[in-house]
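One-letter residues, chain by chain:
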Amino acid sequence: MEPPNAKTPMSARAASGFSLRDWYNADVDVKKIFEKMPSRYIKGSAEKPTTYYFSIGDEKFTVKIDAEAATVESGKTVENADCVLKTTPDLFEKMVLKGKAPGPIDIARGKIKTNDPMGLQKLRTMFDFKGI
């Protein structure tokens, strides 16, 4: 069954058997993005070893970056990451695949939570996600 689209009335969406999260994020594949990260890393782009922790909806990943490589681990594998990002799968996809830079309103409304906005900016320059 295909998820209902945005024009489908809410009652029909609920009756379809899809949860709000399912139909809203049907096209978002967070795992695919993280699986591709090591091969999309631009070697030498990290100035120093850095650890990122991502909480994207129900998915959790730790990404470790140094000058030579990026590695992705499922779950939270470090106590204190240098940069933390918590957001929705939809907004994460827009940030990674479409280059949407989170704005102050996104942070103020709680759509994005981070301890290091500049670290997120740097992260965007370390990977090439064209064509995904």
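Below, the structure is looked at part by part. Just so we're clear, the structure is a prediction, and the values are computed from it rather than from any experiment.

### Brief notes about the overall build of the protein chain
Within the protein chain, the secondary structure is distributed over six helices and five strands. When the helices and strands of the protein chain are read in sequence order from the N terminus, they spell out α-α-α-β-β-β-β-α-α-β-α. Per-residue burial for the protein chain yields a buried fraction of 35% across its 132 residues. Sequence separation of at least 24 residues holds for 59% of the intrachain contacts in the protein chain that already meet a minimum separation of 6. In the structure as shown, the protein chain presents an accessible area of about 8,100 Å², 51% of it carried by carbon and sulfur atoms.

### Examining helix H3 (residues 30-40)
Along H3, the residues that are buried comprise Val30, Ile33, Phe34 and Met37. The buried residues of H3 all sit within an arc of 95° when viewed along its axis, so they share a single face. In H3, the exposed residues that point more than 90 degrees away from the buried face are Glu35 and Ser39. Considering only its buried residues, H3 is in contact with strand E1 (50-56), strand E2 (59-65), strand E3 (70-74) and helix H4 (89-97).

### Topic: the nonpolar core
Formed by 24 residues in total, the largest nonpolar core has its most connected members in Phe34, Tyr52, Phe54, Ile65, Leu85, Phe92 and Phe127. Of all the secondary-structure elements, those providing two or more residues to this core are H3, E1, E2, strand E4 (83-87), H4 and helix H6 (117-125). Examining the composition of this core, we find that four residues originate from one element, H3, more than from any other. Not counting residues up to four positions away in its chain, the partners in contact with leucine 85 are Tyr53, Phe54, Ser55, Ile56, Phe92, Met95, Ile112, Lys113 and Leu120.

### Details of the pairing of E2
Successive side chains on a regular strand alternate, one facing one side of the sheet and the next facing the other. In the sheet, E1 pairs with E2 via seven bridges, with the strands oriented antiparallel. The residue of E2 that forms the bridge with tyrosine 52 is valine 63. Counted between consecutive antiparallel strands, the loop separating E1 from E2 contains two residues, among which glycine 57 sits at a positive phi close to 60°. Both E2 and E3 contribute to a ladder of five bridges, which runs antiparallel. Residue phenylalanine 61 lies in a different strand from E3, and its bridge partner there is serine 74. Between the end of E2 and the start of E3, which pair antiparallel, lie four residues.

### Considering the environment of asparagine 115
Mapping asparagine 115 onto the fold places it in the loop between strand E5 (112-114) and H6. Sequence separation of asparagine 115 and alanine 81 is 34 residues, and the distance between their C-alpha atoms is 9.5 Å. Leave out the neighbours within four places in its chain, and asparagine 115 touches Ala81, Asp82, Cys83 and Val84. Polar side-chain contacts of asparagine 115 include one of 2.7 Å to the backbone nitrogen of valine 84.

### Let's talk about the sheet that holds E4
Within the open sheet, the five strands sit side by side as E3-E2-E1-E4-E5. Their pairing is mixed. The outermost strands of the open sheet, each flanked by one partner alone, are E3 and E5. Each strand of the sheet is rotated relative to its neighbour by a mean of 15°, with strand direction disregarded. H3 contacts E1, E2 and E3 of the sheet and is inclined by roughly 15° relative to E2.

What counts and what doesn't
- Every chain's residues receive numbers from 1 upward, in the order its sequence appears when written.
- In view of the model being predicted, local features appear only for residues whose pLDDT reaches at least 70, and side-chain atom pairs are presented and counted only at 80 or more, with totals across whole chains, interfaces and linings using the full set of residues.
- Calculation of side-chain values draws on the structure's entire complement of heavy atoms; hydrogens and water are dropped beforehand.
- In this description a helix means any DSSP run of H or I spanning at least four residues, a strand means any run of E spanning at least two, and both kinds are numbered starting from the N terminus.
- Remark: exposure states derive from per-residue accessible area (1.4 Å probe, protein chains only) relative to the maximum for the residue type, with buried under 20%, exposed over 50%, and partly exposed in between.
- Contacts are assigned to residue pairs that have any heavy atoms within 4.5 Å of one another.
- Surface accessibility in these figures is a Shrake-Rupley result with a 1.4 Å probe; residues are shielded only by whichever protein chains are displayed.
- In this context, the arc is that of the directions from the helix axis out to the C-beta atoms.
- Remark: nonpolar core denotes a set of buried residues (Ala, Val, Leu, Ile, Met, Phe, Trp, Tyr, Cys) joined through side-chain atoms within 4.5 Å.
- Any two strands with at least two DSSP bridges between them are considered paired.
- Distance and chemistry together define a polar contact, namely a pair of N or O atoms within 3.5 Å, with one atom able to donate a hydrogen and the other to accept it when in protein, and with adjacent residues in sequence counting only for side-chain atoms on both sides.
- Fitting a line to C-alpha atoms yields each axis, with helices limited to the stretch in contact; the angle taken between N-to-C directions then spans 0 to 180 degrees.

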